[in-house]
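Each chain is listed here by its residues.
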Amino acid sequence: MSSLAILAHLRFLGLMMIGAYALINAILALLSPVTAGWPIWASTLLAVPPMVMGMVHLVLPIARRHLARPDGKQA
């Protein structure tokens, strides 16, 4: 794998981690009034469906669009 491909891959991973972190924190903040006092497994069970949907339909498409190459192909 070329060094440019490795750098592109690392940049994509970094953007995905930032997006996942922001999304998880937003979901947990929105759910915290409802899940106060719940066991961790129960609050996680409630947070996972919107988290997965947000990653698939929000974070991943934004990351792919942001990192598209100038010729229109995906990195």
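Residues numbered from 1 in each chain as written. Predicted model: local features only at pLDDT ≥ 70, side-chain atom pairs only at ≥ 80, totals over all residues. Heavy atoms only, no water.

A. The arrangement of the packing of helix 1 (residues 3–35) against helix 2 (residues 40–66) in detail. Axis separation between helix 1 and helix 2 bottoms out at 9 Å; the angle between their running directions is 145°. For the pair helix 1 and helix 2, the crossing hand works out as right-handed. From helix 1, Phe12, Leu15, Met16, Gly19, Ala20, Leu23, Ile24, Ile27, Leu28, Leu31 and Thr35 reach across to helix 2, where they touch Ser43, Leu46, Ala47, Pro50, Met51, Gly54, Met55, Val59, Leu60, Ala63, Arg64 and His66. (Axes fitted to C-alpha atoms, helices over the stretch in contact; angles between N-to-C directions. Helix = DSSP H or I, 4+ residues; strand = E, 2+ residues; numbered from the N terminus. Left-handed = near helix turned anticlockwise from the far one by under 90°. Contact = heavy atoms within 4.5 Å.)

B. Inspection of helix 1 at higher detail. Taking 1.5 Å per residue, 33 residues should reach 48 Å; helix 1 reaches 45 Å between its end C-alpha atoms and fits that length. Roughly 30° is the biggest bend found in helix 1, and it falls at Ala29, with proline Pro33 one to four residues downstream. Every buried residue belonging to helix 1 is among Met16, Gly19, Ala20, Leu23, Ile27, Leu31 and Thr35, and all of these are buried. Elements that come into contact with the buried residues of helix 1 comprise helix 2. A positive phi of about 85° marks Gly37, the residue just after helix 1. (Expected span 1.5 Å × (residues − 1). Bend = angle between axes of the 7 residues up to and from the residue. Buried < 20%, exposed > 50% of the residue type's maximum accessible area, 1.4 Å probe, protein only.)

C. Inspection of the side chain of Ser43 at higher detail. With respect to the helices and strands, Ser43 occurs in helix 2. The residues touching Ser43, leaving out its near neighbours within four places in the chain, are Thr35 and Trp38.

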